[in-house]
There are 2 protein chains.
Amino acid sequence: MTDHADIHTLMMGLGERARLAARGLAIAPTDQKDQALREAAALLRANVEGILAANQKDVAAAKANGVGAAFIDRLTLDAQRIEAIADGLEQIALLNDPVGTKLAEIRRPNGLVIDRVRTPLGVIGVIFESRPNVTADAGALCLKAGNAAILRGGSDSFHSSRAIHQCLVDGLEAAGLSKDAIQLVPVTDREAVGKMLQGLNGNIDVIVPRGGKGLVGRVQQEARVPVFAHLEGICHIVVDQSADLDMAEEIILNAKMRRTGICGAAETVLIDQKIAPLFVPQMVDALMAKGCEVRGCTRTADLDDRVVAATEEDWSTEYLDAIISVRVVDDFDAALDHIAHYSSHHTEAILAENDEVVERFFREVDSAILMHNASTQFADGGEFGMGAEIGIATGKMHARGPVGVEQLTSFNYRVHGKGHTRP
Amino acid sequence: MTDHADIHTLMMGLGERARLAARGLAIAPTDQKDQALREAAALLRANVEGILAANQKDVAAAKANGVGAAFIDRLTLDAQRIEAIADGLEQIALLNDPVGTKLAEIRRPNGLVIDRVRTPLGVIGVIFESRPNVTADAGALCLKAGNAAILRGGSDSFHSSRAIHQCLVDGLEAAGLSKDAIQLVPVTDREAVGKMLQGLNGNIDVIVPRGGKGLVGRVQQEARVPVFAHLEGICHIVVDQSADLDMAEEIILNAKMRRTGICGAAETVLIDQKIAPLFVPQMVDALMAKGCEVRGCTRTADLDDRVVAATEEDWSTEYLDAIISVRVVDDFDAALDHIAHYSSHHTEAILAENDEVVERFFREVDSAILMHNASTQFADGGEFGMGAEIGIATGKMHARGPVGVEQLTSFNYRVHGKGHTRP
């Protein structure tokens, strides 16, 4: 389908049906939503063969297009990965339902009692790339929070997403919920994404992009509705002069090398000059032993000739690879200045034993997640006890940090009177 | 100044200075912010003559332009109103500082302790019309929450706003804070508003419009940054068949007639057909005795011949005047359908003694504020115990309902480790 008018009509229809479904979902009992998730999990397990066949089509087409190995790996499903997707749905069914939770109670002198209560957000648009599992994860999280979802998967995972989506739809219907609660955009045209970014005539409340910097950048640039996202995670670790250096070595190794490709991986280490002569060689030893390239400022390079000279560009680069940039700074304030300038406001860590320094770091660094004596790789909804996340947001509005079911809700005020009139 | 390049440079400079000031404000101690507010209050009192002289210029120009009496009333200051503005600043100084408040503590099995802590939002742009007091109120609320403010007042109140703003700036400097913490756009060109709506190159985090539907509509339409606002308050009152009818009469009178020009004033009453024959004449008596025009559906008009026939347009009209629309509905579900169709999602009330009906109303109506047996005119930050509000928001993102100092904050996560690495 490439006709503009057809795509417009198609997408507006998706939006209208989502809004209608959202009104029903907002009042759906927890049991019914959880039943839909469990039914979908059972259907995924019952349809492993069909899903793998659909996935084979996608993988074959992607290989024919000559994409890279990492891409093929993200795209490929096997029985174990399908089991993990089904298990993920059941885990989300086990989470507490955020809808209806009382967040605050205000008792006024005039006798009014005002409750602030969680409500669903409405309709959530999710735009993702070549990871078929996001179809299930994102759809399920939206559903749990009482929201309708409009999912737009990458064209490379089209058949896989469609097969998984069918299980979700059948699960919804088995539980007596509207099949429009989780809709998958049935065309691969890029124009469909543009329509979503415009908000489908007020029928999308928030967009969540899941994918690379190109996708997220386009969404942030063009969206006329709120976006929960992070463009990149340029995560810093500050090694204060009071740091326990053996602990620092272990944390930096973990923060960089545990998994280099995730947004919470560390990219830059800032080291106080007072400990640099001692710590730089120790750290470079450890990193290089694990196969990590170290790029450093001139002061770093002067301390260790295995260090490659860093350029200005390095301080703004999210390597997502076994490369790290290192800068020796005059003092703690210089470290804060570096972060204020180069950070992507995702996650930063302070390694220090001096409480005052930690306190200042927590108060003065304006990022979604701040760590003290812990690896930046803990920046993850699961590690925060949220059960699952749809992504990590670096914006300051509404959701910040890991976006779990609670962050996919809004709230309203419910005022209990006894015939109160305002004087 | 009308040169495009000049306005661009001017506005971008305001944005950059605001961002710098915000970094300082975010870590300013509560005492220092409160001192600035108290100093400003004292300066307002010390400069009553000068402020009144500036206001006289504005009022004279507005009268020469032939604006209406209500406009002149909003614009005009006197000694009493200036005292109220100064008092308002002192009240805001007395509020709890939201910055640094711990919102949640998560203790993980691995020993990580994760605090969710309030932080300022950053830079807030406030665009308002011909109400000089907003200069002080809005600037003070932003400051209390640790945010820098860029204020853009209506051209009609230009001299008054400037005189009040000078007191705020002098207060900031007396307390040792940056004078850029509260900036007033020094030109009246409409183009300056357009620049703010584009976000001043990322240097405005949220826009708050204060004014009529024309201003709010333009801001919502054009803004490329989040907006806290309500376009209108088409507030509904549902009179259930279980309602206490004398209480209903009193609440409807108050909700409509206490002040007809505020956003929380009721515009439409929906009456269950089972009680309509009894209640419609009683309610019309009471409303007409207070000078309120009643426009009704045919069923309402059939029950009382003083009722004017309502048109379709009436159901979507925010009268802000002594006019009310009334519809007799088949049942409670029909009332919910009417609200879902016509509501502006601001405030709605249910008058009922049946708990199940109240419960359903609270769960099923998707508006910022829901009232049970209370007047819609309680929709106000002061009445909610927030101390002061910068406005009421009907969006579902971040702030909903009255926007007080807490709603002008964000939050981040502060993770306390003891050398934790992620397995």
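Basis of the calculations
Residues numbered from 1 in each chain as written. Chains lettered and ligands numbered in written order. Predicted model: local features only at pLDDT ≥ 70, side-chain atom pairs only at ≥ 80, totals over all residues. Heavy atoms only, no water. UniProt positions renumbered as here; feature names shortened; annotations may be inferred. Helix = DSSP H or I, 4+ residues; strand = E, 2+ residues; numbered from the N terminus. Rg over C-alpha atoms; globule rule 2.2 N^0.38 Å. Buried < 20%, exposed > 50% of the residue type's maximum accessible area, 1.4 Å probe, protein only. Contact = heavy atoms within 4.5 Å. Areas by Shrake-Rupley, 256 points an atom, 1.4 Å probe, with all protein chains shown as cover. Lys, Arg positive; Asp, Glu negative; His and termini not counted. Charge placed at Lys NZ, Arg CZ, Asp CG, Glu CD. 1 Å grid on protein atoms, 1.4 Å probe; cavity = no way out; pocket = protein on both sides within 12 Å on 5 of 7 lines; lining within 4 Å. Points joined across faces, edges and corners; volume = space filled by probe spheres on them. Nonpolar A, V, L, I, M, F, W, Y, C, P; charged D, E, K, R; others polar. Buried area = accessible area lost by both parts, 1.4 Å probe. Salt bridge = Lys/Arg side-chain N within 4 Å of Asp/Glu carboxyl O. Polar contact = N/O pair within 3.5 Å; in protein donor to acceptor, adjacent residues only side chain to side chain. Core = buried A, V, L, I, M, F, W, Y, C linked by side-chain atoms within 4.5 Å. Domains from an automatic or database assignment. Least-squares fit on C-alpha atoms with pLDDT ≥ 70 in both. Pairing = 2+ DSSP bridges. Axes fitted to C-alpha atoms, helices over the stretch in contact; angles between N-to-C directions. Patch = residues over 30% accessible without salt bridge, like charges linked within 9 Å, V, L, I, M, F, W, Y side chains within 5 Å. Arc of directions from axis to C-beta. Disulfide = S-S within 2.5 Å.

Chain A goes by Gamma-glutamyl phosphate reductase in an unreviewed UniProt entry, where it is assigned to Maritalea myrionectae. Regarding chain A, the relevant UniProt record gives this comment under Pathway (unreviewed entry): "Amino-acid biosynthesis; L-proline biosynthesis; L-glutamate 5-semialdehyde from L-glutamate: step 2/2." The record in UniProt for chain A states the following under Function (unreviewed entry): "Catalyzes the NADPH-dependent reduction of L-glutamate 5-phosphate into L-glutamate 5-semialdehyde and phosphate. The product spontaneously undergoes cyclization to form 1-pyrroline-5-carboxylate."

Undergrad: Tell me what's going on with the overall build of chain A, and back it up with residues and numbers.
TA: In terms of helices and strands, chain A carries 14 helices and 16 strands. By the compact-globule yardstick of 22 Å for 423 residues, chain A fits well, its C-alpha radius of gyration being 24 Å. Structurally, chain A occupies a C-alpha span of about 70 × 65 × 40 Å along its principal axes. Counting over 423 residues, chain A shows a buried share of 57%. Intrachain contacts of chain A at a sequence separation of at least 6 include 72% that bridge at least 24 residues. In the form shown here, chain A has an accessible surface area of approximately 16,300 Å², with 48% of it arising from carbon and sulfur atoms. Between the mean site of the 42 positive side-chain charges and the mean site of the 59 negative ones, chain A shows a separation of 9 Å.

Undergrad: Report on empty space enclosed by the protein, specifying residues and quantitative values.
TA: Residues and elements named next belong to chain B. Counting across every chain of the model gives five cavities of 30 Å³ or more. The space that makes up the largest cavity amounts to roughly 50 Å³. As for the largest cavity, its lining consists of R152, G153, G154, S155, F158, S161, L184, V185, V187 and T188. Of the residues contributing to the lining of the largest cavity, the split by class is four nonpolar, five polar and one charged.

Undergrad: Residues and numbers for the interface of chain B and chain A, please.
TA: Taken together, the contact between chain B and chain A spans 70 residues of the former and 70 residues of the latter. Buried surface at the junction of chain B and chain A, both sides included, amounts to about 5,800 Å², of which 51% is carbon and sulfur. Ranking the residues of chain B by area buried against chain A places M397, Y413 and R422 of chain B at the top, with a combined share of 14%. The tally of links from chain B across to chain A stands at four salt bridges. With its nearest N and O atoms 3.3 Å apart, the salt bridge here joins E383 of chain A to R422 of chain B. Between the two partners, chain B and chain A, sit 47 residue pairs in polar contact (both at pLDDT 80 or more). If you list the elements that add at least two residues to the side of chain B that touches chain A, you get β2 (113–120), α9 (213–222), α10 (245–257), α13 (332–342), α14 (355–364), β13 (369–374), β15 (401–403) and β16 (409–420) of chain B. With eleven residues, the single largest contributor to the side of chain B that touches chain A is β16 of chain B. A breakdown of the residues in the side of chain B that touches chain A according to their chemical character gives 31 nonpolar, 22 polar and 17 charged.

Undergrad: Give a detailed account of unusual backbone geometry, specifying residues and quantitative values.
TA: All names here are of chain B. A positive phi is found at N201, a non-glycine position, where the angle reads about 60°. Along the chain, N201 turns up in the loop between α8 (190–197) and β6 (206–210). Looking at N201, the relative accessible area reads 66%, which means it is exposed.

Undergrad: Before we move on, could you go through the nonpolar core and cite the residues and values that matter?
TA: Ranked by internal contacts, the top residues of the largest apolar core, which has 77 residues, are M11, L44, L89, V126, I150, F228 and I390 of chain B. Take this core: its biggest share by element is eight residues, from helix α1 (residues 4–25) of chain B. If you look at the next biggest cluster of nonpolar residues, it comprises 75 residues, including L143, A149, V206 and L408 of chain A.

Undergrad: Hey, could you go over the UniProt feature "domain: Aldehyde dehydrogenase" (unreviewed entry) in chain A for me, with residue numbers and the actual values?
TA: Mapped onto the present numbering, the UniProt feature "domain: Aldehyde dehydrogenase" (unreviewed entry) falls on residues 17–287 of chain A. Along residues 17–287 of chain A the backbone is 51% helical and 17% strand, and the end-to-end C-alpha distance reaches 53 Å.

Undergrad: For the domain arrangement of chain A, give the residues involved together with the corresponding values.
TA: Each assigned domain of chain A is listed here: domain 1 (4–228 + 402–414) and domain 2 (235–378). A C-alpha centroid distance of 36 Å is found between domain 1 of chain A and domain 2 of chain A.

Undergrad: An account of the relation of the copies chain B and chain A is needed here, citing residue identities and associated values.
TA: Between chain B and chain A, which share one sequence, the superposing operator has a rotation angle of 180° and an axial displacement of 0.0 Å; the RMSD is 0.0 Å. With respect to symmetry, the two chain copies, as superposed, fit the operation of a two-fold axis. Ranked by how close their C-alpha atoms come to the rotation axis, the residues of chain B are headed by H398 of chain B, at 2.0 Å.

Undergrad: A description of the sheet that holds strand β6 (residues 206–210) of chain A should follow, citing residues and the corresponding values.
TA: Residue and element names in this part refer to chain A. In spatial order, the strands read β5-β4-β3-β6; together these four strands make up an open sheet with parallel pairing. Two strands in the sheet have a free side with no partner beyond their single neighbour: β5 (182–184) and β6. Across the sheet, the axes of successive neighbouring strands diverge by a mean angle of 20°, strand direction being ignored. Across the sheet, helix α7 (residues 158–174) touches β3 (123–128) and β5, and the angle it forms with β5 is around 155°. Running at roughly 145° to β3, helix α8 (residues 190–197) makes contact with β3, β4 (148–152) and β6 of the sheet.

Undergrad: Could you give an account of the sheet that holds strand β9 (residues 293–296) of chain B, naming the residues involved and the relevant values?
TA: Adjacent strands of a sheet pair through backbone hydrogen bonds, lying either parallel or antiparallel. Sheet architecture is open: ten strands sit in the order β1(A)-β2(A)-β16(A)-β13(B)-β12(B)-β7(B)-β8(B)-β11(B)-β9(B)-β10(B), paired in mixed fashion. With one partner strand each, in any of the chains shown, β1 (102–107) of chain A together with β10 (308–309) of chain B form the two edges of the open sheet. For strand β8 (residues 266–272) of chain B and strand β11 (residues 323–329) of chain B, the ladder comprises five bridges, and the chain directions are parallel. Bridge pairing links I271 of chain B to V328 of chain B in β11 of chain B.

Undergrad: Account for a negative patch on the surface, with residues named and values stated.
TA: Residues and elements named next belong to chain A. Taken together, the side chains of D244, D246, E250, E353, D355, E356 and E359 present a region of like negative charge at the surface. Looking at the negative patch, the element that brings in the most residues is helix α14 (residues 355–364), giving three residues. As for its position among the elements, E356 is in helix α14.

Undergrad: Got a sec to walk through helix α9 (residues 213–222) of chain A? Specific residues and values, please.
TA: Residue and element names in this part refer to chain A. Residues of α9 that are buried: L215, V216 and V219. With its buried residues spanning 95° around the axis, α9 presents them on a single face. Those residues of α9 that are exposed and aimed more than 90 degrees away from the buried face are G214 and Q221. In the core, the buried residues of α9 are packed alongside β3, α8 and β6.

Undergrad: So what's going on with the state of the cysteines? Residues and values would help.
TA: All names here are of chain B. If you walk through the whole model with that rule in mind, you get zero disulfides over all chains. C297 carries a free sulfur, and the closest cysteine sulfur to it, the one in C292, is 16 Å from it. Taking relative accessible area as the criterion, C297 reaches 12% and is therefore assigned buried.

Undergrad: For the side chain of H372 of chain B, give the residues involved together with the corresponding values.
TA: In this structure, H372 of chain B sits in strand β13. A polar atom in the side chain of H372 of chain B sits 2.8 Å from the backbone oxygen of A352 of chain B. At a separation of 3.2 Å, a polar atom in the side chain of H372 of chain B contacts the side chain of N373 of chain B. In contact with H372 of chain B, other than residues within four places in its own chain, are V415, H416 and G417 of chain A together with I350, A352, V358 and F362 of chain B.

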